[in-house]
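Geometric and topological summary
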Amino acid sequence: MNVSEVNKTATEIADTYMVRISELGEIQNDTQVLHKLALSHIIATDLESLVEIVDAIRAQEAELDQMFSDYRKYVDESGLENYEAMLESYEGIKYETASLMAFSGLGNKEAAYAIANGALSNHVEAMEGYINTMVTDTNAEAEAARASLGSVYSGAMFGTAIMVVISIVAFVLALYVVLN
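The sections below set out a description of the structure shown in this document. (Residues numbered from 1 in each chain as written. Predicted model: local features only at pLDDT ≥ 70, side-chain atom pairs only at ≥ 80, totals over all residues. Heavy atoms only, no water.)

With that settled, the discussion passes to the environment of Phe103. One can find Phe103 in helix H3 (residues 80–105). For the pair Phe103 and Tyr113, spaced 10 residues apart in the sequence, the C-alpha separation amounts to 9.2 Å. Here Phe103 is in contact with Asn108, Ala111, Ala112 and Ile115, once residues within four sequence places are set aside. (Helix = DSSP H or I, 4+ residues; strand = E, 2+ residues; numbered from the N terminus. Contact = heavy atoms within 4.5 Å.)

Bringing the nonpolar core into the picture now. Judged by nonpolar contacts, the single largest core of 31 residues is most densely connected at Ile27, Phe68, Tyr71, Met86, Leu100 and Met127. A total of nine residues in this core trace back to one element, the largest contributor, which is helix H4 (residues 109–179). If we skip the residues at most four places from it in the chain, Phe68 touches Ile27, Tyr83, Met86, Leu87, Tyr90 and Met127. (Core = buried A, V, L, I, M, F, W, Y, C linked by side-chain atoms within 4.5 Å. Buried < 20%, exposed > 50% of the residue type's maximum accessible area, 1.4 Å probe, protein only.)

Looking at the element boundaries, Arg20 is found in helix H1 (residues 2–43). For Arg20, the side chain forms a polar contact with the side chain of Thr138, separated by 3.0 Å. Contacts of Arg20, omitting those with residues within four sequence positions, involve Tyr71, Tyr74, Thr138 and Glu141. (Polar contact = N/O pair within 3.5 Å; in protein donor to acceptor, adjacent residues only side chain to side chain.)

One pass over the full model with this rule turns up three aromatic pairs. Centroid distance Phe68 to Tyr90: 4.8 Å. Interplanar angle 35°. Geometry classified as tilted. Of the two residues, Phe68 sits in helix H2 (residues 47–71) while Tyr90 sits in helix H3, which places them 22 residues apart along the sequence. Across the pair, exposure class does not vary: Phe68 and Tyr90 are buried alike. Aromatic pair Tyr71 and Tyr83: ring centres 6.3 Å apart, planes at 25°, arrangement stacked. Of the two residues, Tyr71 is situated in helix H2 and Tyr83 in helix H3; the sequence distance between them amounts to 12 residues. Residue Tyr71 shares its accessibility class with Tyr83, and that shared class is buried. (Phe/Tyr/Trp six-rings, centres within 6.5 Å; stacked < 30°, edge-to-face > 60°.)

In structure tokens:
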């Protein structure tokens, strides 16, 4: 039972907290890729490049939508506010990216740059802030689980030591009874 409890806590740390941090990192990286693709749309010069970039942006958005959906299973009551704020920033990123592409596609590069350097950047920075907060919270939860693992391990070792002592005493008593 003691070994089972230690294994359960260690598995929780590996399967929950570390995966959450990894998925948040992937969301952050993919958001930066989306931002770079939007900037690429502004500097694209030919129609074929514009179409390819739009397709890449749509694919990146679909991937991020799935990542957010997959990450939802890790969100509890304490993290719901940050998760919803992160989603709100992401929706802002999608909206501003669409606006940027519209202005860029119409040849209004100045308006597109203004969006890229203004509202879009603000949403990306806000989202990175929410992700950093969620990573910090997850690290704190993982640290608490590690501390719990340590106490469970200590308890398991203490329980095992007591069982060994009891077994030795029982063996000595049984040997004494058999010899007498």
